[in-house]
Amino acid sequence: MEAETPVKLLKISVYGWTFYLPQIITLSMIGSLAGISGSLIVFLTASIGYTVRALIMMGISVGIMCVLFQKKPSLDAFDYFLPLSGWGILALLLRTINWMVPQILQVRILVEQISLLIAWFLSYYMLGKLFRENKSTTRPVIIALLIAVLLFFLLPPPI
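All figures in this text were calculated on a predicted structure; none of them were measured in a lab.

Caption draft 1: The arrangement of the overall build of the chain in detail. Helix and strand content of the chain: six helices and zero strands. Its helices and strands in sequence order give the chain the pattern α-α-α-α-α-α, from N to C terminus. Judged by the C-alpha coordinates and their principal axes, the chain covers about 55 × 40 × 25 Å. A burial count over the chain gives 37% of its 159 residues as buried.

Caption draft 2: Inspection of the packing of aromatic side chains at higher detail. Evaluated as defined, the whole model comprises ten aromatic pairs. When the ring of Trp17 is compared with that of Phe43, the centres are 6.4 Å apart and the planes differ by 85 degrees; the resulting orientation is edge-to-face. Placement of the pair is Trp17 in helix α1 (residues 4-19) and Phe43 in helix α3 (residues 36-68), with a sequence separation of 26 residues. Taking relative accessible area as the criterion, Trp17 reaches 28% and is therefore assigned partly exposed. Aromatic rings pair up to connect Phe19, Tyr20, Tyr50, Phe81, Trp87, Trp120, Tyr124, Phe152 and Phe153 into one cluster.

Caption draft 3: Structural context of a nonpolar patch on the surface. On the surface, a nonpolar cluster with roughly 480 Å² of combined accessible area is contributed by Ile48, Val52, Ile56, Ile60, Ile64 and Leu68. Relative to the helices and strands, Val52 resides in helix α3.

Caption draft 4: A look at the packing of helix α5 (residues 105-130) against helix α6 (residues 139-154). The N-to-C vectors of α5 and α6 enclose an angle of 140 degrees; their axes lie 7 Å apart at closest approach. Our classification of the angle between α5 and α6 gives oblique. The interaxial crossing formed by α5 with α6 has right-handed handedness. Residues Leu117, Trp120, Phe121, Tyr124, Tyr125, Gly128 and Lys129 of α5 lie in contact with α6, whose contacting residues are Pro140, Val141, Ala144, Leu145, Ile147, Ala148, Val149, Leu151 and Phe152. Of the residues assigned to the contact of α5 with α6, the class counts are 14 nonpolar, one polar and one charged.

Caption draft 5: Structural context of unusual backbone geometry. Located in the positive-phi region is Gln70, a residue other than glycine, with phi close to 45 degrees. Along the polypeptide, Gln70 turns up in the loop between α3 and α4 (82-100). Residue classification places Gln70 among the exposed residues on the basis of a relative accessible area of 69%.

Caption draft 6: Structural detail: the nonpolar core. Counting residues in hydrophobic clusters, the biggest one holds 30 residues, and the most contacted among them are Phe19, Met57, Met65, Trp120, Tyr124 and Leu127. At the level of elements, α1, α3, α4, α5 and α6 are the ones that each hand at least two residues to this core. Those residues in contact with Met65 that lie beyond four places of it in its chain are Leu127, Gly128, Phe131, Pro140, Ile143, Ala144 and Ile147.

Criteria and thresholds
- Residues numbered from 1 in each chain as written.
- Predicted model: local features only at pLDDT ≥ 70, side-chain atom pairs only at ≥ 80, totals over all residues.
- Heavy atoms only, no water.
- Helix = DSSP H or I, 4+ residues; strand = E, 2+ residues; numbered from the N terminus.
- Buried < 20%, exposed > 50% of the residue type's maximum accessible area, 1.4 Å probe, protein only.
- Phe/Tyr/Trp six-rings, centres within 6.5 Å; stacked < 30°, edge-to-face > 60°.
- Patch = residues over 30% accessible without salt bridge, like charges linked within 9 Å, V, L, I, M, F, W, Y side chains within 5 Å.
- Areas by Shrake-Rupley, 256 points an atom, 1.4 Å probe, with all protein chains shown as cover.
- Salt bridge = Lys/Arg side-chain N within 4 Å of Asp/Glu carboxyl O.
- Axes fitted to C-alpha atoms, helices over the stretch in contact; angles between N-to-C directions.
- Parallel < 35°, antiparallel > 145°, perpendicular 65-115°, else oblique.
- Left-handed = near helix turned anticlockwise from the far one by under 90°.
- Contact = heavy atoms within 4.5 Å.
- Nonpolar A, V, L, I, M, F, W, Y, C, P; charged D, E, K, R; others polar.
- Core = buried A, V, L, I, M, F, W, Y, C linked by side-chain atoms within 4.5 Å.

Written as structure tokens, this is what we have:
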């Protein structure tokens, strides 16, 4: 089990990194005004900063749920943030298409924001389902969705 932990931590970090991937790439493009070295420095700095921010967001969520429901924290709980990771890839693809076809800006923004909200609340809904003891209680799901709303305003996602 201990050999699996570094792989799990890397996987969780990749979830956070891909969630903020559109912002990281955008900042790197701005950094390219200072040349390739500027782009690389901005890319590395943004990658580290945004990954830490995502890990803090996910850690707060899982931590609060573990404390409220007296469960031992597990790295497996972080797997429920996969929809957010998928959103980052989708948003990057939409922005790339928008770069090639600038006329779709309004559509891209609308699709990006709706899909972000869906991915955000889907992740927290799945996290709440993880903490349900039996199928009849909805309390963990409601608490997870309340945490989602709270973190949406305290640590806003990339909109």
